[in-house]
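Architecture and fold: a report
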Amino acid sequence: MSFYTSLSGLKNAQTDLGVISHNIANAETTGYKKSKAEFSDLVAGGANAAPNQVRGIGATLAGIKQDFGLGAIEQTGTATDFSINGDGFFATVHGESGRTLYTRDGSFGIDGDGFLQDGQNNRMQIFELDAAGDPVSTTATIDAQVPPTNAAGASLAGITIESDGVLNAAYTDGSVAVVGRAALVNFLSPTGLRQTGSAAWEATGSSGAPELGLPGNGQYGTILAGSLERSNVDLAEEMVGLISAQRNFQANAKAIDTASQLSQTIINLRT
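Note that this is a predicted model, so its numbers are computed, not measured. Residues take numbers from 1 onward in each chain, read along the sequence in its written order. Only residues with pLDDT of at least 70 are given local features in this predicted model, and only at 80 or more are side-chain atom pairs given and counted; all residues enter the totals for whole chains, interfaces and linings. Side-chain numbers here rest on the full set of heavy atoms in the structure, without hydrogens or water.

1. What about the overall build of the protein chain?
What counts as a helix is a DSSP run of H or I of at least four residues, what counts as a strand is a run of E of at least two, and both are numbered from the N terminus. Looking only at helices and strands, the protein chain has two helices and 20 strands in total. Atoms considered for the radius of gyration are the C-alpha atoms alone. The globule rule reads 2.2 Å times the number of residues to the power 0.38. For 271 residues, the compact-globule formula gives about 18 Å, and the C-alpha radius of gyration of the protein chain, at 26 Å, lies well above that figure. Taken along its principal axes, the extent of the C-alpha atoms in the protein chain is 100 × 40 × 30 Å. The proportion of buried residues among the 271 residues of the protein chain is 36%. With a 1.4 Å probe rolled over the protein chains alone, any residue whose accessible area is under 20% of its type maximum counts as buried; one over 50% counts as exposed, and the rest are partly exposed.

2. A word on the nonpolar core
Within the largest apolar cluster, 20 residues are counted, with the highest numbers of intra-cluster contacts made by Phe82, Phe90, Leu116, Met124, Ile161, Leu167 and Ile223. Secondary structure elements with two or more residues in this core: β4 (81-85), β10 (122-127), β12 (156-161), β13 (166-171) and β14 (176-182). Of the residues forming this core, the biggest block, three residues, is contributed by β13. We call two residues in contact whenever any of their non-hydrogen atoms come within 4.5 Å of each other. In this structure Leu116 touches Thr80, Phe82, Phe108, Gly109, Ile110, Asn122, Arg123, Met124, Ala144, Ile159 and Leu167, once residues within four positions along its chain are discounted. Put simply, buried Ala, Val, Leu, Ile, Met, Phe, Trp, Tyr and Cys residues joined by side-chain atoms within 4.5 Å make one nonpolar core. Within the second largest apolar cluster, eight residues are counted, among which are Phe68, Ala91, Val185 and Phe187.

3. Thoughts on the packing of aromatic side chains
Between rings of Phe, Tyr and Trp, where Trp is taken as its six-membered ring, a pair exists when centres lie within 6.5 Å; planes separated by under 30 degrees are stacked, by over 60 edge-to-face, and by other angles tilted. Scanning the entire structure with this criterion turns up seven aromatic pairs. Seen in terms of ring centroids, Phe89 and Phe187 are 5.8 Å apart; in terms of plane orientation they differ by 75°. Their pairing is edge-to-face. With a gap of 98 residues between them, Phe89 in strand β5 (residues 89-94) and Phe187 in the loop between β15 (184-186) and β16 (194-197) connect regions that are remote in the sequence. On the basis of relative accessible area, Phe187 is assigned to the buried category, the value being 9%. On the numbers, 5.8 Å between centres and 75° between planes, the contact of Phe89 with Trp201 is edge-to-face. With a gap of 112 residues between them, Phe89 in strand β5 and Trp201 in strand β17 (residues 200-202) connect regions that are remote in the sequence.

Structure follows, in structure tokens:
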């Protein structure tokens, strides 16, 4: 039995090493959130077993939990780079499939059709505004699309976004048009989000339904223009975890070796 107990420890140490290695590999990935492997013990003993005779038989993976703590904000000077000073997520919708993803990576760009998207055709979502500058609806969003020319025929000169999410388009004739207001999303349990890669997530039953909100309200946070959120990975912390996981692996391997020697001794006694 000791072989299988130590084997579970080896597998868990290997999983821990894999999670830590993934964190280190993404230390420079914009908007990345680090993960941590969590484990639980296994015991052998039924309901009728004496409490003082229940024996441990190893460990199992309880889950890989994400840490959504804020990363450092890096100034880029690029007008279409946005970061969130708060707990919210940007909502994006794929231009063809309609798949909705949520991200902390605000490195958007304007494509040939004027859409603000992330390079993979995931378009940033905004609230449509009425003539008074108020959202037409706070439960429905539209794709962020900047007209390449205004009504007078002037070409687009650039875009700006305010801390409350109001997206403006400036034109060569000096006019400024309001495109909309950025839509941010919160979740009751963000650790229940499913990772999809590229620092993006999608909602699940565990995360709860997405709650749309306006920048500057509650925990949604404010928008910072010309900046990006860096990964929240602490390399020093990960290196310590890497050493600890390596020691755990070595200790379990040594336990298997010891159990093997004991078995060999018993076999030699019989011969």
